[in-house]
Amino acid sequence: MDIITIGDGMVAMCPEKKGPIIFTNTFEKKVGGAELNVAIGCARLGLKSGWISNLGNDDFGKFILRSVRADNVDTSEVKLVDGHPTSVYFREVLSDGSSRSFYYRENSPTSTMKPEDLNEEYFKKSKVLHITGVFPSILKNNQNIILEAIRLAKKNGLLISFDPNIRLKMWTKEEAKEFINSILPHVDILLVGDEEVELLLETRDLEAAIKRFYSYGISKVVIKRGAKGAMGYEGKEIFYIDGIAPKALVDTVGAGDGFAAGFLTSTIKGESFEDSIRFGNAVGSLVVGVEGDNEGLPYYEDVLVHLGKIKKVER
C-alpha cells in the first residue's frame, strides 16, 4: 500500500433537495466517512490505498464494502461484525452549499475493534498512515487504537499524516485538545484547518501557530484556509498558496478530505511541498462542485486539467 487509514464507514443519507432537514422528505443513500473519503480519493488519483475498519454484517455494511471496493480501495483489513448495525448519518444541505450532519452511530461496529487487532504485516507493506481526529472522537477506546497504529507506523518506518478534523458534536473542546496535542509530536505531516488552530494552540496568529506546530517535530505543516488556499512551512520560510476557484459551489462537505488526498498523493509521487499544496487545493475545489461526501473526488487527469497542465478534448 502507498497509504493506509483507519476510520468509521457510514451510510450517508443525502437530501435530494436543498433546504432545512425538517422539511426534507427524500434522501439518497451514499457512502461517507472522513478517513474513508481520503482512501477513496487517493485510489482515484492512482495510489494503492487501504482502509482498516469494522462494518455491520448487514445490507448497509455490504453496500459500503461493495462501493469502496469499486474504487479499488483495499479492504482486506475490513471485517463485517454481527450485532452492531452499520452507522448512518443524515445530511442537511442549504442553498449556499453549507451543511449540517446528524449522526446515528450508537453501538457502532467499530466499537468491537481492539488495538491488538491491528495487523502489523499490513503496516510493514505501507508507506504512509493517515489518521484524523474523527475516529478517536467516536469512542474512548478508539484513541487506544490510534495510539497503537501510531506505534506500529513508527516501528515500521511509515510517515504519519494527521488531519485534526475536529467535530465538536463528537467530543468537547477540552477532550479534542488534550488528545490531539498528545499525538502531535509523533506526526510527520499535519493538515490543519485555520479554524482549528485557535482551539489547539489558543492563538489566532497563523504564522506563529505554524512555527509552533513545526517545533513539535512535524516536518511538513499545512494550514488549510478554505477558499483562500493554504499556507505551508518546512522550517525555512512560510509560503502562501492561493486557492483555486471552483467551477461551482454545490456542497462543501469533503473538501478537506479531498485536499488531504490530493496533497498526500502528490507528496508520495515525489512532487515538491509547494506543488503538493497546489494539487491539494485543486482537488478540494473540484470536490465542492459535486454533491456528496466523495462523489466529487476526481481522477488524476481531471486535476491536471483543472490546474491547466493538460487540455481535455470534450468532443
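Residues numbered from 1 in each chain as written. Predicted model: local features only at pLDDT ≥ 70, side-chain atom pairs only at ≥ 80, totals over all residues. Heavy atoms only, no water.

- In the annotation of an unreviewed UniProt entry, the entry for the protein reads 2-dehydro-3-deoxygluconokinase KdgK, and the organism field reads Clostridium intestinale URNW.
- We quote the UniProt Sequence similarities (unreviewed entry) comment for the protein here in full: "Belongs to the carbohydrate kinase PfkB family." (UniProt positions renumbered as here; feature names shortened; annotations may be inferred.)

**A few points about the packing of aromatic side chains**
Point 1. Taken as a whole, this structure holds 10 aromatic pairs when the rule is applied.
Point 2. Aromatic pair Phe-239 and Phe-273: ring centres 5.4 Å apart, planes at 80 degrees, arrangement edge-to-face. Taken together, the positions of Phe-239 in strand β13 (residues 239–242) and Phe-273 in helix α10 (residues 273–287) put the pair 34 residues apart, joining distant regions of the chain. Taken individually, Phe-239 and Phe-273 each receive the classification buried, so the pair is uniform in this respect. (Phe/Tyr/Trp six-rings, centres within 6.5 Å; stacked < 30°, edge-to-face > 60°. Helix = DSSP H or I, 4+ residues; strand = E, 2+ residues; numbered from the N terminus. Buried < 20%, exposed > 50% of the residue type's maximum accessible area, 1.4 Å probe, protein only.)

**Quick word on the sheet that holds strand β12 (residues 229–233)**
Point 1. Across the sheet, which stays open at both edges, the 9 strands sit in the order β5-β4-β1-β8-β9-β10-β11-β12-β13 with mixed pairing between neighbours. Here the strands that pair on one side only, and so sit at the sheet edges, are β5 (78–81) and β13. Neighbour-to-neighbour, the strand axes of the sheet open up by a mean angle of 20 degrees, direction not taken into account.
Point 2. Alignment of strand β1 (residues 3–6) against strand β4 (residues 49–56), held across 4 bridges, turns out to be parallel. Looking at β4, one finds that Ile-4 is bridged to Gly-50.
Point 3. Along the sheet face, helix α7 (residues 194–201) touches β9 (159–163), β10 (189–193) and β11 (220–224) and points at about 105 degrees away from the line of β10.
Point 4. Each of β1, β8 (128–132), β9, β10, β11 and β12 is contacted by helix α9 (residues 255–268), which is oriented at about 150 degrees to β11, the strand it contacts most. (Pairing = 2+ DSSP bridges. Axes fitted to C-alpha atoms, helices over the stretch in contact; angles between N-to-C directions. Contact = heavy atoms within 4.5 Å.)

**Here we look at the pairing of β13**
Point 1. Burial of the side chains of β13 is restricted to one face: Phe-239 and Ile-241 are buried, whereas none of Tyr-240 and Asp-242 on the reverse face is.
Point 2. In the sheet, β12 pairs with β13 via 4 bridges, with the strands oriented antiparallel. Within β13, the position partnered with Gly-232 by the bridge is Phe-239.
Point 3. In this structure, the hairpin formed by β12 and β13 is closed by a connection of 5 residues, where Gly-235 is found at a positive phi of approximately 115 degrees.

**Details of the side chain of Asp-8**
Point 1. In this fold, Asp-8 is placed in the loop between β1 and β2 (10–15).
Point 2. When its relative accessible area of 2% is taken as the criterion, Asp-8 is described as buried.
Point 3. One polar contact links Asp-8 to Ser-87, side chain to side chain, over a distance of 3.5 Å.
Point 4. A polar contact is formed between the side chain of Asp-8 and the side chain of Arg-105, at a distance of 2.9 Å. (Polar contact = N/O pair within 3.5 Å; in protein donor to acceptor, adjacent residues only side chain to side chain.)

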